[in-house]
Amino acid sequence: MAINPLNLAGGALYLATYAMEAVGFTEFIYEEAAQQGLRVLRQMKKKKGQKHLVYMAKKFRENVITPGWIFHVNFGGLNPYTNPGFEAFYTKAWREFDEIVFLPE
């Protein structure tokens, strides 16, 4: 039994589209979590919540922004349509994180 090249190409296209959607959606979820975390850290600093800012910044870095960045680096290239946007987002998000946590008021 011969394999129809159109069926093979159609299957490959389906898998590529599925991978692009999965990567784009996962990156979107990480981005939303990072935006919310940065808002919380910014508010803590503004309200003089220094007592807990270091703890929350550590948890944010360990559980949100670093895993999101690692996912982006490892899989973001699978979706060429969203990759540049998320690259720009993480560049800005890391800079903002550093400004919130490491710069004096």
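Here the structure is a predicted model, which is why all the values come from computation and not from measurement.

**Q** Would you explain the side chain of H72 in this entry?
**A** Turning to its location among the elements, H72 is positioned in helix α2 (residues 50-75). Side-chain polar atoms of H72 contact the side chain of E27, separated by 2.6 Å. Other than its neighbours up to four places away in sequence, H72 contacts E27, G77, N83, F86, E87 and Y90.

**Q** Mind showing me how you'd approach the pattern of salt bridges here?
**A** Opposite charge on two side chains permits pairing when their charged atoms draw close. Tallied over the entire structure, the rule returns four salt bridges. Among the ionic pairs, E62 bridges to K58, the shortest N-O distance being 3.1 Å. Of this pair, E62 and K58 both sit in helix α2, four residues apart, which is roughly one turn of the helix.

**Q** Can you help me understand helix α3 (residues 83-102) in this one?
**A** Residues that lie three or four places apart on an α-helix share one face, since the helix turns once every 3.6 residues. Helix length check: α3 (20 residues) gives 28 Å between terminal C-alpha atoms against 28 Å at 1.5 Å per residue, within 8%. Listed in full, the buried residues belonging to α3 are F86, F89, Y90, A93, E96, F97 and I100. One side of α3 holds all its buried residues, which, seen down the axis, span an arc of 140°. In α3, the exposed positions that point more than 90 degrees away from the buried face belong to P84 and F102.

**Q** Where do I start with α2 in this structure?
**A** In this model α2 runs 35 Å from its N-terminal to its C-terminal C-alpha over 26 residues, within 8% of the 38 Å that 1.5 Å per residue would give. Along α2, the sharpest change in direction is near 45° and occurs at R61. When α2 is considered as a whole, its buried residues turn out to be L53, A57, F60, V64, I65, G68, F71 and H72.

Calculation rules
Residues numbered from 1 in each chain as written. Predicted model: local features only at pLDDT ≥ 70, side-chain atom pairs only at ≥ 80, totals over all residues. Heavy atoms only, no water. Helix = DSSP H or I, 4+ residues; strand = E, 2+ residues; numbered from the N terminus. Polar contact = N/O pair within 3.5 Å; in protein donor to acceptor, adjacent residues only side chain to side chain. Contact = heavy atoms within 4.5 Å. Salt bridge = Lys/Arg side-chain N within 4 Å of Asp/Glu carboxyl O. Expected span 1.5 Å × (residues − 1). Buried < 20%, exposed > 50% of the residue type's maximum accessible area, 1.4 Å probe, protein only. Arc of directions from axis to C-beta. Bend = angle between axes of the 7 residues up to and from the residue.

Read these as geometric descriptors, not functional statements.
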